[in-house]
Structure formats: C-alpha cells, structure tokens
Amino acid sequence: QVQLVESGGGLVQPGGSRRLSCAASETFTSIYVVAWYRQAPGKQRELVASITNGGSTNYADAVKGRFTISRDNAKSTVDLQMNSLKPEDTAVYYCYTDATYYSRGRRTYWGQGTQVTVSS
C-alpha cells in the first residue's frame, strides 16, 4: 500500500509561516488532483487547497492569498506553504492524493495528518 506522510506541523506564532510537506512512499507518475484538508477541534474536515494535473488551484476563502499549494510528480510530494498564520488556522492538516502510482494505476490516499497550532 502507498503511504502518505505529512510533516512540517508544529507550533507557530500568529503572523508566522509554516511549510507542510506530504511525501508518498511510492512515486506518482501523474496527478489527477492533490489537496490539503484540515480539521479543527469540534469542526468538520474542510478543503484547504487543491491542485490538478493541469495546475489549476482552488483555495478555501479563509486561506486564499495566504496559502499556496504545490506538487512535484517526480518527487512524489505535495506541499502547502502557509503564511500570515492565524489562530483560526489551528487544525490537523491532511494530505489527499488522487494520482497514478507506479504499477498501481489510479488510486486515492489520505495521509495520517499533522498538527498545526497557531498561538502566541
């Protein structure tokens, strides 16, 4: 099975920046869509940002202009650059991929999540 491992979470002060990275255990040769979701305490999981194979991006209104999603097929990584962080950005962030993996064809996977805490 392919595993997605998120990293880069932790404690950051308001106004600070953080870069999350999602690494797949197997190379994805092409991407249909990859995304970052988040779930704050007591709230539903929500889409933060997504990007298609063609490079089209979609961002939640709450993060638009502050977050940037990127992906690298060759490195099998999906990153989320988070700037101007606010306390309300505190959540567990999850990586999601819908991609073609070597010898597997098209598959979808979720990462285990990484905690981001924005607090002074």
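Coordinates for the structure precede this section.
This one's a predicted model, so the numbers in the text were calculated from it and none came from an experiment.

About the thresholds
- Residues numbered from 1 in each chain as written.
- Predicted model: local features only at pLDDT ≥ 70, side-chain atom pairs only at ≥ 80, totals over all residues.
- Heavy atoms only, no water.
- Core = buried A, V, L, I, M, F, W, Y, C linked by side-chain atoms within 4.5 Å.
- Buried < 20%, exposed > 50% of the residue type's maximum accessible area, 1.4 Å probe, protein only.
- Helix = DSSP H or I, 4+ residues; strand = E, 2+ residues; numbered from the N terminus.
- Contact = heavy atoms within 4.5 Å.
- Disulfide = S-S within 2.5 Å.
- Phe/Tyr/Trp six-rings, centres within 6.5 Å; stacked < 30°, edge-to-face > 60°.
- Lys NZ or Arg CZ within 6 Å of the ring centre and 35° of its normal.

Engineer: Any chance you could break down the nonpolar core for me, citing the residues and the numbers?
Structural biologist: The biggest cluster of nonpolar side chains holds 30 residues, and the ones touching the most others in it are Trp36, Leu80 and Tyr93. Within the residue set of this core, elements represented by two or more residues are strand 3 (18–24), strand 4 (28–39), strand 5 (46–52), strand 7 (67–72), strand 8 (77–82), strand 9 (91–101) and strand 11 (114–118). Of all the elements, strand 9 adds the most residues to this core, at five residues. Not counting chain neighbours up to four residues away, the residues in contact with leucine 80 comprise Arg18, Arg19, Leu20, Trp36, Val48, Ala49, Phe67, Thr68, Ile69 and Tyr93.

Engineer: Explain the state of the cysteines to me, and be specific about the residues and the numbers.
Structural biologist: Under the defined criterion, the tally for this structure stands at one disulfide. Disulfide partner of cysteine 22: cysteine 95, at an S-S distance of 2.2 Å. When the S-S torsion is -80°, as for the bridge of cysteine 22 with cysteine 95, the disulfide is left-handed. Within this pair, whereas cysteine 22 is found in strand 3, its partner cysteine 95 is found in strand 9, the two being separated by 73 residues in sequence.

Engineer: Any details on the packing of aromatic side chains? Residues and values, ideally.
Structural biologist: Applying the stated criterion across every chain, the model contains five aromatic pairs. Summarising the aromatic geometry, the rings of tyrosine 37 and tyrosine 96 are spaced 6.2 Å apart at their centres and angled 80° between planes, so their arrangement reads as edge-to-face. Of this pair, tyrosine 37 sits in strand 4 while tyrosine 96 sits in strand 9, and the two are 59 residues apart along the sequence. Linked through ring pairs, Phe28, Tyr101 and Tyr109 together constitute an aromatic cluster. Lying over the aromatic face of tyrosine 94, arginine 45 brings its terminal NZ or CZ to 3.7 Å of the ring centre. It is arginine 106 that lies over the ring of tyrosine 32; its NZ or CZ is 3.7 Å from the centre.

Engineer: Can you tell me about unusual backbone geometry, naming the residues and giving the values?
Structural biologist: You will see that serine 76, though not glycine, has its phi angle at about 55°, which is positive. Tracing the backbone through its elements, the reader meets serine 76 in the loop between strand 7 and strand 8. With a phi close to 50°, serine 84 is a non-glycine residue in the positive phi region. Inspection of the secondary structure puts serine 84 in the loop between strand 8 and strand 9.

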